[in-house]
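Summary of structural features
For reference, the chains in residue letters:
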Amino acid sequence: MSSFSGKVVLVTGASSGIGKATALEFARLGATVGLMARRGEELEKVAAEMGGKGIVLPADVTDEVAVNSRVSELVSQAGGIDVLIAAAGISLRAPFETTTIETIRRVMDVNFMGCVLPTKAVLPYIKARKGCMIAISSLSGRKGTPEYTIYGSSKFAIQALYDGLRIEHMRDGVNFGVFCPGFVDTPLRESVLKGDGKVYENPPKLPFRLWSVDLCVNKILRMVRGRLKSSLLPGIIHYLLTADDFVFRGWISDMVLRYKFGYWRK
Ligand SMILES: NC(=O)c1ccc[n+]([C@@H]2O[C@H](COP(=O)([O-])OP(=O)(O)OC[C@H]3O[C@@H](n4cnc5c(N)ncnc54)[C@H](OP(=O)(O)O)[C@@H]3O)[C@@H](O)[C@H]2O)c1
């Protein structure tokens, strides 16, 4: 798929950040793009930038009825679906001990069920076209990370979901891929939740560098074109984690995270 002309892509989280930038790139490459998120007015603006290639599908990804009816709407308007990019998500940074159960449920609901519901809704259509699904996880969905304990758990769950689906659907010709970026420069940085479920007034300083949205879009496009099952940003982390697990049983990365998140003293 070097051009996506004639292809239909559904992007969740299309009103902002990684989802929005990825949706715009698919439209630029000729795809018809279904834009899903809660804020319909933001989706209208994204669609307006696409010159007729965008179909606005406002829905909360945790609402099964809304997701199913929006997917049916996309199929009846565009004729089918080739690609799903499941990018909708929220962030939480807080120690587990001070995180309320309500906040934990909310993050699991949006990040995990918000990937499950669109995946289930589009599966028959993507199977029919031997298409591809990419879920946006995180590096904390690859390596347990302090204060991202619950956020990371929601992303580990996505990894298990797509790894299992890949094997279940190997003979159907559907590709399931998981993209795991580090910190990315998006509006998410201003809406990170505290343990009580409220947004930080001053989000904590980042322990690692911030990556650009454009790099994410390139990696996601490469995954779809190459039918890759996994991609990390930065890519070298894959080799570092593998070597650390193999040689030191993860001890080095535990120590790096302990230092970076200030857990030497705690
Ligand atoms: N930015 C980072 O540092 C980073 C790092 C690793 C992984 N990620 C992951 O990348 C993905 C995209 O994040 P981003 O950085 O692009 O964040 P963002 O700019 O805040 O975008 C998040 C998107 O998710 C949508 N969303 C949130 N809750 C939703 C719900 N209940 N129903 C439907 N849509 C919902 C938002 O739309 P509405 O508000 O309009 O609903 C928005 O379009 C997320 O899964 C995030 O976990 C981000």
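All right, on to a negative patch on the surface then. On the surface, Asp60, Asp63, Glu64 and Asp109 cluster together to form a negatively charged patch. Look at aspartate 60 and you get partly exposed, because its relative accessible area is 30%.

On the surface, Phe208, Phe246, Val247, Phe248, Trp251, Ile252 and Val256 cluster together into a nonpolar patch covering about 740 Å² of accessible area. For valine 256, a relative accessible area of 38% gives the class partly exposed.

In the vicinity of the ligand, 30 residues are found, and the nearest of them are Ser16, Ile18, Arg38, Tyr151 and Thr186. Here a nitrogen atom of the ligand and a side-chain polar atom of aspartate 60 are 3.0 Å apart. Between the ligand and valine 184 there is a distance of 2.8 Å, counted from an oxygen atom to a backbone nitrogen or oxygen. Here the ligand has 880 Å² of accessible area as a free molecule, and 95% of this is covered by the chains. Going through the elements one at a time, helix H1 (17-28), helix H5 (149-168) and strand S7 (183-184) are the ones with two or more residues in the shell around the ligand.

Our focus in this paragraph is the packing of aromatic side chains. In the structure shown here, the tally under the stated rule is 5 aromatic pairs. Geometrically, the ring pair formed by tyrosine 148 and tyrosine 151 is edge-to-face, given 5.9 Å between the ring centres and 70° between the ring planes. Side by side, tyrosine 148 and tyrosine 151 carry an identical accessibility label, which is buried. Between tyrosine 162 and phenylalanine 176 the ring centres are 5.4 Å apart and the planes differ by 85°, which places this aromatic pair in the edge-to-face class. One end of the pair, tyrosine 162, is in helix H5; the other, phenylalanine 176, is in strand S6 (residues 175-181), and 14 residues separate them in sequence. Tyrosine 162 sits in the buried class, given a relative accessible area of 0%.

Among the 5 residues of strand S1 (residues 8-12), 5 are classified as buried, and the element is accordingly described as predominantly covered. Here S1 shows a buried face lined by Val8, Leu10 and Thr12 and a second buried face lined by Val9 and Val11. With 5 bridges connecting them, S1 and strand S2 (residues 32-37) associate as parallel partners. Considered in S2, the bridge of leucine 10 is made with glycine 34. Taken together, S1, H1 and S2 form a β-α-β motif whose crossover is right-handed. The pairing of S1 with strand S4 (residues 83-86) spans 4 bridges and is parallel. Paired with leucine 10 across the two strands is leucine 84, which belongs to S4.

Cut-offs and rules
Within every chain, residues take consecutive numbers counted from 1 along the sequence as written. pLDDT decides what is reported in this predicted model: residues at 70 or higher carry local features, side-chain atom pairs at 80 or more are listed and counted, and totals for whole chains, interfaces and linings draw on all residues regardless. Note that water and hydrogens are dropped before the side-chain values are worked out from all heavy atoms of the structure. Two joining distances apply to patches: 9 Å for like charges and 5 Å for nonpolar side chains (Val, Leu, Ile, Met, Phe, Trp, Tyr), and every residue must have over 30% relative accessible area and no salt bridge. Only the protein chains shown count as cover for residues, and all accessible areas are computed by the Shrake-Rupley method using a 1.4 Å probe. A pairing counts as a salt bridge when a side-chain nitrogen of Lys or Arg comes within 4 Å of a carboxyl oxygen of Asp or Glu. Counting rule for charge: Lys and Arg are taken as positive, Asp and Glu as negative, and neither His nor the chain ends is counted. To locate a charge, the coordinates of NZ of Lys, CZ of Arg, CG of Asp or CD of Glu are taken. The buried label goes to any residue with under 20% of its type's maximum accessible area, the exposed label to any with over 50%, and the partly exposed label to all in between, with areas taken from a 1.4 Å probe on protein chains only. Nearness of a residue to a molecule or strand requires only that one of the residue's heavy atoms be within 4 Å of it. Identification of polar contacts relies on pairs of N or O atoms within 3.5 Å, with a donor-acceptor requirement for protein atoms, meaning one able to donate a hydrogen and the other able to accept it, and with residues adjacent in sequence counted only if both atoms are side-chain atoms. Secondary structure counts use DSSP, requiring at least four H or I residues in a row for a helix and at least two E residues in a row for a strand, with both numbered from the N terminus. Pairing of aromatic rings covers Phe, Tyr and Trp, the last counted by its six-membered ring, and requires centre-to-centre distances within 6.5 Å; plane angles under 30 degrees mean stacked, over 60 mean edge-to-face, and any other angle means tilted. Following DSSP output, two strands are said to pair if at least two bridges run between them. Here a crossover is taken to be right-handed if, once the strands point away from the viewer, the path from the first strand over the helix to the second is traced clockwise.

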